[in-house]
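Spelled out, the chains give:
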Amino acid sequence: MLAGCDSDQISLAQNAKANQPVPPKLVAAMTEKDMDMQSPILVRLFKQEAELEVWKQNRSGQFALLKTYPICRWSGDLGPKVREGDRQAPEGFYSINPSQMNPQSAYYLSFNTGYPNAFDKALGRTGSQLMVHGDCSSRGCYAMTDEQIAEIYSLGRESFFGGQKAFQLQAYPFRMTPVNMAKHRNNPNMPFWKMIKEGYDHFEVTKQEPKVDFCEKKYVFDAVKAPGATRDPVFDASAKCPAYVIPDEIASAVHEKEQRDAAETSKLVSKGTPVARLNTGIDGGMNAVFASKIPEGNTGLSEGGDSQALASMSLARAPGTIPGTVNPPKPNLAVQQEEPVVATTSSTPVATPSSAGTRVASANASDKSASDKSTSDKSTSDKSEGFFSSFARKVGIGGTADASKTTASPPAPAAAAPAKPKVAEAKPQSVVRVAPKAEPKQAAKPAPKPQVTTAAAAAPAPSSSTQLAGSAPVVQTNSFDTRFSAVK
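As a starting point, this report considers the structure included with it. Per chain, residues are indexed from 1 in the order of the written sequence. Local features in this predicted model are restricted to residues whose pLDDT is 70 or higher, and side-chain atom pairs enter the listing and the counts only when it is 80 or higher, whereas totals over whole chains, interfaces and linings include all residues. For side-chain calculations, the full set of non-hydrogen atoms in the structure is used, while hydrogens and water are omitted.

### What about the packing of helix 6 (residues 190-206) against helix 7 (residues 248-270)?
Angular values range over 0 to 180 degrees, each being the angle between N-to-C directions of two axes fitted as lines to C-alpha atoms, with helices fitted over their stretch in contact. Labels follow the DSSP assignment, with helices taken as runs of H or I lasting at least four residues and strands as runs of E lasting at least two, numbered in each case from the N terminus. With their axes 9 Å apart at the nearest point, helix 6 and helix 7 run at an angle of 115° to one another. On the basis of the axis angle, helix 6 is roughly perpendicular to helix 7. Like other packed secondary-structure pairs, helix 6 and helix 7 cross with a definite hand, here right-handed. Contact residues: helix 6 offers Lys-197, Glu-198, Tyr-200, Asp-201, His-202, Glu-204, Val-205 and Thr-206, while helix 7 offers Ile-250, Ala-253, Val-254, Lys-257, Glu-258 and Asp-261. Residues are grouped as follows: Ala, Val, Leu, Ile, Met, Phe, Trp, Tyr, Cys and Pro are nonpolar; Asp, Glu, Lys and Arg are charged; every other residue, Gly included, is polar. Of the residues belonging to the contact of helix 6 with helix 7, the class tally is 5 nonpolar, 2 polar and 7 charged. Here the word oblique covers every angle except those under 35 degrees (roughly parallel), over 145 (roughly antiparallel) and from 65 to 115 (roughly perpendicular). For a crossing to be left-handed, the near helix must be turned anticlockwise from the far one by less than a right angle; the clockwise case is right-handed. Residue contacts follow a heavy-atom distance rule, with two residues in contact if any of their heavy atoms lie within 4.5 Å.

Okay, structure coming up:
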């Protein structure tokens, strides 16, 4: 019998790392908060804040916060675990007994979360071996440093030695505050989160471990037998709920808190509280105190990931050793490259010289075909240009012909002779100016072919007031143009 009673103690502390004493600073904190070394504990986890809280029962019988540990790494997204291999860390209420403590863990020390519980099984959720462990490495788990898990393990061990049969683990996506509920109001997991928030509120108002049951595939908290009933209600996660009540003092306090939270949430929504982005593709999170110690560290889906916050945390001491193999969450570059999207209409010019990565969404369905047609027209125009006209345009000393092309002219009549390449029209002028708006040509009298001498003589003398910035200077008499004109 004695061996049987001691079997849990032997399994909990069968090696040196599992038998480490509670640190003196933590013992001093217990004394200050009127807690016994072996009094019951309760653990809460928050993904978004990347924090693990250890609560301990004081001599008054209520639980008080003993210590908050930053989480080194958690994986997946905000939301419950659904199936094996989805990398999700579980959310909900779980019970940890001595058999779930693992002193021989490959991740230093660990305890099994107990996922899936009866609620998860009723919904057909799958998965196993979801742990809270050391080594700062997560594949669906909550990972701490070795030093942190040694402390947490010692607190659990001592509570079992004091007679606690199992301690409660409450895992949340975030602290269930009005701000966070407003921020995540569009998340498809919100119905589930509102359900487990009831348990969160029960603990907040009573500071007692809530009794957890399941029926009709939902959580039930602090249920007791109905008045006049002769026995306690029997719950089955997949069956109809039995008759039960919640004690009035708890029910009224929880109801008042829910009303306050709902009113504050509605106020925040009406003020335009931004909605958290969904499907970011980022794998989990990490507390900023760890991310600030890692080259190119990132908090992922956890808070405090901006550069200023990480810089301020870089001077803080990390609570434990960060292994060199740590894999911090990475930002999803594919999602970032898709933003921002600027919506425009076809009549709105968009100048984006310095934002090459910005996508422009056009409201005109014909833009693509018009763009394709413009490309085709340009190619045809380049083929019809004379060699020297094209050369002059490319070196930037001719602008009249290019400008005249921007004005559409009516098509020539069918009887007119085929037009010859107009080399003289493309001839560079001595001074580059913006061409005046061309008048539409009359079909009966095609414009005569201008002479080189006339064009040269008609060119006005250059002046500093008419020459454009960046334009070519006056062509000298012995230039290439005049010699070519003479040959022509």
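### Looking at helix 2 (residues 24-32)
Burial status follows relative accessibility: with a 1.4 Å probe on protein chains alone, a residue under 20% of its type maximum counts as buried, one over 50% as exposed, and anything between as partly exposed. Every buried residue belonging to helix 2 is among Leu-26, Ala-29 and Met-30, and all of these are buried. Buried residues of helix 2 fall within an arc of 100° about the axis and therefore sit on the same side. The exposed residues of helix 2 that point more than 90 degrees off its buried face are Pro-24, Lys-25, Thr-31 and Glu-32. For helix 2, the elements touching its buried residues are strand 2 (51-57), strand 3 (63-70) and helix 4 (146-161). To obtain the arc, one takes the directions from the helix axis to the C-beta atoms.

### Thoughts on the sheet that holds strand 6 (residues 101-102)
In sheet architecture, strand pairing relies on hydrogen bonds along the backbone and comes in two forms, parallel and antiparallel. Criterion used throughout: strands pair if DSSP finds at least two bridges between them. Read from one edge to the other, the open sheet built from 5 strands follows the order 4-9-8-7-6, with strand pairing classed as mixed. Sheet topology places strand 4 (73-74) and strand 6 at the edges, where each strand pairs with a single neighbour. With 2 bridges joining them, strand 8 (residues 131-133) and strand 9 (residues 142-143) adopt parallel strand pairing. Residue His-133 lies in a different strand from strand 9, and its bridge partner there is Ala-143.

### Focus: the nonpolar core
The nonpolar side chains of a soluble globular protein tend to be buried, and buried together. In this structure, Leu-52 and Tyr-219 are the most contacted members of the largest nonpolar core, which totals 58 residues. If you look at the next biggest cluster of nonpolar residues, it comprises 10 residues, including Ala-288, Val-289, Phe-290 and Ala-291. Joining through side-chain atoms within 4.5 Å is the link that ties buried Ala, Val, Leu, Ile, Met, Phe, Trp, Tyr and Cys residues into a set, and such a set is a nonpolar core.

### Some thoughts on the state of the cysteines
Any two cysteine sulfur atoms within 2.5 Å of one another count as a disulfide. Under the defined criterion, the tally for this structure stands at 2 disulfides. Disulfide pairing is shown between Cys-72 and Cys-136; the S-S distance is 1.8 Å. The chirality of the disulfide connecting Cys-72 with Cys-136 is left-handed, given an S-S dihedral of about -70°. Residue Cys-72 is found in the loop between strand 3 and strand 4, and its partner Cys-136 is found in the loop between strand 8 and strand 9; the two are separated by 64 residues along the sequence. Just as Cys-72 is buried, Cys-136 falls in that class too. With its sulfur 1.8 Å from that of its partner, Cys-215 forms a disulfide with Cys-241. Negative torsions about the S-S bond denote left-handed disulfides, and the value of about 85° found for Cys-215 with Cys-241 makes this one right-handed. With a gap of 26 residues between them, Cys-215 in strand 11 (residues 212-215) and Cys-241 in the loop between strand 13 (224-225) and strand 14 (244-245) connect regions that are remote in the sequence.

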